[in-house]
Amino acid sequence: MGMTLRPEQLPAHLERAGQSLEALYTVTGDEPLLVIEAGDLLRQASRTAGYTERDTVVADARSDWNTLLSASQSISLFGDRRLLELKIPTGKPGKTGGDVIARLAKQAPSQKGDCVTVVMLPKLDRTTKASAWFTALTTHGVVIDVPTIERPALPGWIGERLGRQKQRARPDVLQWLADRVEGNLLAAHQEILKLALLYPEGDLTLDNVQEAVMNVARYDVFKLRDAMLAGDARRVVRMLEGLRAEGEALPLVLWAVGEEIRLLARLSQAGQQGQSVPALMRTLRFYGSHEQLANQALRRVPAHAWPAAVRHAHDVDKIIKGLRVPGRLSDPWHEVTRLALRVAASTASPASTV
């Protein structure tokens, strides 16, 4: 019995197996969410199939592997079916451990119906995959090979997960969400579940996703961004005061303001160099009202003011981290307000480079 499955193939495999689960499963990968989900599916299927006893062992090269081997061969006094989970966080069992794992793998088929063994491993390098013990696992059991979801594949992965809860989103919406959760599938999973709770089945708009991903009770950082771009200085100050009062994380507020300034500085520079600003806006995923407000800000704020605003945002980041910056206020909330007003305040001096 040798089979390799992707995580999305595991549910169908377990459903087909029913009460006749294989005796040996190996889960290997470095995506915590997908590894956790695979482990949960195997435990649930084992309970459903009547494997009521469960033992979990965490081991590495220094563990007492002979004791583990003896425990794996023992029979329950009550004749209960058993699930044995063997976790090797380092992926390096050592010489003795490798020999024991190979023996466990070879004897697993003879224990089918009595014991299900699940081996949990991190992502393995090529040399380890070629080892005798891992070869035994692949030969005598089912391997769930958990891939690393790279950035280009992340929007598609998010779209597939939304589809499971009967929701859909345009490619630009999926790209936006991928930008927010890149490198953290657990965060992506949480946001996807949140969308299911907040919105009905069907199509999700960019506004839906933005409000769900980062929101607070009365104010949110995206409305702050829009007020800044629209030149509504009073609203910017009012919203920043509200965000502070509600305990919003200042790094998130700076991200909303500073990232927008950085993108607008890039757009302004492109226009100065004769490049197509509308084309770059599409590349940077400016759409709808966001695009209109960005154009409004680019017309209002002189081109030479943008690089100074970008430097200002870097200074605010230093202040948040506890550093003193000459010429800046010591209170980072006051300084981020000054930063936002550089864009919002229509009365700002065009020559200012502070």
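So, here's what we can say about the structure. (Residues numbered from 1 in each chain as written. Predicted model: local features only at pLDDT ≥ 70, side-chain atom pairs only at ≥ 80, totals over all residues. Heavy atoms only, no water.)

**Topic: the pattern of salt bridges**
Step number 1: Across all of its chains, the model carries 24 salt bridges by this definition.
Step number 2: Of the charged contacts in the structure, one is a salt bridge between Asp60 and Arg62, with a shortest N-O distance of 3.7 Å.
Step number 3: You can call Asp60 partly exposed: its relative accessible area is 21%.
Step number 4: In this structure, Asp226 and Arg225 form a salt bridge, with 3.0 Å as the shortest nitrogen-oxygen distance.
Step number 5: Take Asp226: its relative accessible area is 22%, and that puts it in the partly exposed class.
Step number 6: Here the salt bridges share partners, and the residues they tie into one network are Glu37, Glu160, Arg161 and Arg164. (Salt bridge = Lys/Arg side-chain N within 4 Å of Asp/Glu carboxyl O. Buried < 20%, exposed > 50% of the residue type's maximum accessible area, 1.4 Å probe, protein only.)

**Here we look at unusual backbone geometry**
Backbone phi values are negative for most residues with the exception of glycine, while trans is the configuration of most peptide bonds.
Step number 1: Backbone geometry at Lys166 places phi at a positive 60 degrees, although glycine is not the residue there.
Step number 2: Counting through the fold element by element, Lys166 comes out in the loop between α7 (154-164) and β7 (167-169).
Step number 3: Even without a glycine there, the phi angle at Arg285 is positive, about 65 degrees.
Step number 4: Relative to the helices and strands, Arg285 is located in the loop between α14 (277-283) and α15 (288-300). (Helix = DSSP H or I, 4+ residues; strand = E, 2+ residues; numbered from the N terminus.)

**What about the nonpolar core?**
Step number 1: Ranked by size, the top nonpolar core spans 84 residues in total, and within it Trp157 and Ile158 carry the most contacts.
Step number 2: At eleven residues, helix α13 (residues 250-272) tops the list of elements feeding residues into this core.
Step number 3: Val100, Leu104, Ala108 and Val119 belong to the second-largest nonpolar core, a separate cluster that totals 21 residues. (Core = buried A, V, L, I, M, F, W, Y, C linked by side-chain atoms within 4.5 Å.)

**Concerning the packing of aromatic side chains**
Step number 1: Taken as a whole and judged by the stated rule, the model has one aromatic pair.
Step number 2: Seen in terms of ring centroids, Trp133 and Phe134 are 6.0 Å apart; in terms of plane orientation they differ by 85 degrees. Their pairing is edge-to-face. Comparing Trp133 with Phe134 shows no difference in burial state: the two are buried. (Phe/Tyr/Trp six-rings, centres within 6.5 Å; stacked < 30°, edge-to-face > 60°.)

**Quick notes on the packing of α13 against helix α17 (residues 332-344)**
Step number 1: In contact at an axis separation of 11 Å, α13 and α17 are set at 20 degrees when each is read in the N-to-C sense. Looking at the two axes, α13 sits roughly parallel to α17. Considering how the two elements wind past one another, α13 and α17 form a crossing that is left-handed. Residues Leu250, Val253, Leu254, Val257 and Ile261 of α13 lie in contact with α17, whose contacting residues are Pro332, Trp333, Val336, Leu339, Ala340 and Val343.
Step number 2: In the contact of α13 with α17, the residues fall into eleven nonpolar, no polar and no charged. (Axes fitted to C-alpha atoms, helices over the stretch in contact; angles between N-to-C directions. Parallel < 35°, antiparallel > 145°, perpendicular 65-115°, else oblique. Left-handed = near helix turned anticlockwise from the far one by under 90°. Contact = heavy atoms within 4.5 Å. Nonpolar A, V, L, I, M, F, W, Y, C, P; charged D, E, K, R; others polar.)

**What to know about the sheet that holds strand β5 (residues 115-121)**
Step number 1: If you walk across this open sheet you meet the six strands as β1-β6-β2-β5-β4-β3, and the pairing is parallel. The strands lining the two open edges of the sheet, one partner per strand, are β1 (3-5) and β3 (53-58). For this sheet, the mean angle separating the axes of adjacent strands, direction not counted, is 15 degrees. (Pairing = 2+ DSSP bridges.)

**Let's talk about the pairing of strand β6 (residues 142-145)**
Step number 1: Pairing between β1 and β6: three bridges, direction parallel. By the bridge assignment for β6, Met3 is matched with Val142.
Step number 2: Direction of pairing for strand β2 (residues 24-28) relative to β6: parallel, over a ladder of four bridges. Across the sheet, residue Tyr25 finds its bridge partner in β6, namely Val142.

**Let's talk about helix α2 (residues 32-48)**
Step number 1: Here α2 is 17 residues long and its end C-alpha atoms lie 24 Å apart, about the 24 Å a rise of 1.5 Å per residue gives.
Step number 2: Of the positions making up α2, those classed as buried are Leu33, Leu34, Val35, Ala38, Gly39, Leu42, Arg43, Ala45 and Ser46.
Step number 3: Where α2 ends, the next residue or the one after it, Gly50, has phi of about 100 degrees, a positive value. (Expected span 1.5 Å × (residues − 1).)

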